[in-house]
Amino acid sequence: TRKPLMAGNWKMNLTHVEATGLVQKLAWTLSDKRWDPERSEVVVLPPFTDLRTVQTLVEGDRLKIGYGAQDVSAHVKGAYTGEVSVEMLAKLNCGYVTVGHSERREYHHESDALVNAKTLRALSGGVTPIVCVGEGLDVRQEGEQVPHCLAQVRAALTDVSPEQVAGLVIAYEPVWAIGTGEVATPADAQEVCGAIRTLIGELHTPEAAESVRVLYGGSVKSGSVAAIMAQPDVDGCLVGGASLQVDEFAAIARFY
Ligand code: 13P
C-alpha cells in the first residue's frame, strides 16, 4: 500500500527566518489536528537558502515533517555557477527534490532530456525525485493530455531501473491549474494519474506500477483535497499556494 504524500512547494517564498516560524507553526497545527504520520507523509520543499534551517528544526525537535529541494543540478560538481549538486542536498538530509516543474520547463527552458538527467542524478545521489509532468491549456483543449503527459514520463524515466521507479514520485500538474484557482476535477486527475501508473506497468514492472506514488498538483485546497484523494491512482498532492498557509496545508495533510 502506498502512503499518501502531501508535499508543499514553497516556490520562491519565505526567507530562512520566515521558514522557522512556518515549520514550527505547522508542527503545532498538525498535532492539534491529530495528524497521524502513519496515515500521510508531510514534506516541505523550501528554497535552497532555507534548507539548513529547516533541517536543524526538524531534526532537533524530532518533527515528523520531511523536507527537500525544488531543483538539482544534472552535473556532479564543478564549474557550474549558481547550481546546487545532489551531494549538497544529500548532506542536508533532503529526502526529496522536484525535477521538471512546469515553471522550470517554461522559464528556464528545461527539456525532457535535462529532466531525465536530473532525475538520474538525484537517484544516484540518494535523493528521491518528484518528477513533474503536465499539459498546458492548448493541449488540454485538444484533448491530448494523456499522450502529452505519458511522453513526458517516458522521457524523464529513460534509463531508470524498475527498482528505482518503484521508489520515486511522479507529480501530475496540469499547467492551466497551477496558481489559477482552476482545480482539475477529480476525474481529470484520475485520468492522467491512472494512465501514468498503467504506463509504468508496461515500461517497467507490475511491482513498480503498484508502488510508484503519483501525486496531483494544481490549486489544491483543503476543500478540494478529499475528492481528489478518493481517486484510486492519486497518492498525494503537490501543493503550491496553500502550503504557505499553515491551517490550509495542515488540513490538506489531515485529509483523511
Ligand atoms: P498551486 O497549488 O499554487 O496551484 O501550485 C501548484 C504547484 O505548482 C505545486 O508544485
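A. Main features of the layout of surface pockets. The space that makes up the largest pocket amounts to roughly 480 Å³. Considering the residues around the largest pocket, the lining is formed by 20 residues, among which Met12, Gln70, Asp71, Arg104 and His108 are closest to the centre. Here the lining of the largest pocket takes 3 residues from helix α4 (residues 102-107), the largest share from any one element. Of the residues belonging to the lining of the largest pocket, the class tally is 7 nonpolar, 7 polar and 6 charged. Looking at the lining of the largest pocket, you find at least three residues from each of domain 1 (9-69) and domain 2 (71-219). The calculated volume of the second largest pocket comes to roughly 200 Å³. Class assignment for the residues of the lining of the second largest pocket results in 7 nonpolar, 10 polar and 3 charged. Each of domain 1 (9-69) and domain 2 (71-219) contributes no fewer than three residues to the lining of the second largest pocket.

B. Just the pattern of salt bridges, in detail. Enumeration over the complete set of coordinates arrives at 13 salt bridges. A salt bridge links Arg104 to Glu110; the shortest N-O distance between them is 3.0 Å. On the accessibility criterion, Glu110 (7% relative accessible area) is buried. A salt bridge links Asp188 to Arg140; the shortest N-O distance between them is 3.4 Å. Note that Asp188 is positioned in helix α9 (residues 186-203) and Arg140 in helix α6 (residues 137-141), a separation of 48 residues in sequence. Ionic contacts of the salt-bridge type, sharing partners, join the residues Arg2, Arg197, Glu210, Asp233 and Asp235 into one network.

C. Layout of the sheet that holds strand β5 (residues 128-133). In spatial order, the strands read β1-β2-β3-β4-β5-β6-β7-β8; together these 8 strands close into a barrel with parallel pairing. Averaged over all neighbouring strand pairs, the angle between strand axes comes to 25°, with direction disregarded. As defined by bridge partners, β5 adjoins strand β6 (residues 169-172) across 4 bridges and the pair is classed as parallel. Within β6, the position partnered with Ile130 by the bridge is Val169. Strands in contact with helix α7 (residues 145-156) are β5 and β6; relative to β5, the strand with the most contacts, it is inclined by about 150°. Packing against the sheet, α9 makes contact with β5, β6 and β7 (213-217), and its axis sits at approximately 145° to β6.

What counts, and where the lines are drawn
- Counting of residues starts from 1 at the beginning of each chain's written sequence and follows it residue by residue.
- At least 70 in pLDDT is required for a residue's local features to be given in this predicted model, at least 80 for side-chain atom pairs to be given and counted, and no such filter applies to totals for whole chains, interfaces and linings, which use all residues.
- Water and hydrogen atoms were dropped before computing side-chain values, which therefore reflect all heavy atoms in the structure.
- Definitions used throughout: a 1 Å grid over protein atoms alone; a cavity as a set of points that fits a 1.4 Å probe which cannot get out; a pocket as an open set with protein on both sides within 12 Å along at least five of seven lines; a lining residue as one with an atom within 4 Å of a point.
- Grid points are joined across faces, edges and corners, and a volume is the space filled by probe spheres set on the points.
- Elements are defined by DSSP. Helices are runs of H or I of four residues or more, strands are runs of E of two residues or more, and each kind is numbered from the N terminus.
- Polar here means any residue outside two lists: the nonpolar Ala, Val, Leu, Ile, Met, Phe, Trp, Tyr, Cys and Pro, and the charged Asp, Glu, Lys and Arg; Gly therefore counts as polar.
- Those domain boundaries reflect an automatic or database domain assignment.
- A pair is scored as a salt bridge if a Lys or Arg side-chain nitrogen falls within 4 Å of a carboxyl oxygen belonging to Asp or Glu.
- Exposure is judged per residue with a 1.4 Å probe applied to protein chains only, and the accessible area is read against the type maximum: over 50% gives exposed, under 20% gives buried, and values in between give partly exposed.
- Note on pairing: DSSP must find at least two bridges between two strands before they are called paired.
- Interaxial angles span 0 to 180 degrees and are taken between N-to-C directions of axes, which are lines fitted to C-alpha atoms, for helices over the stretch in contact.
- Whether two residues are in contact is decided by their heavy atoms, any of which lying within 4.5 Å being enough.

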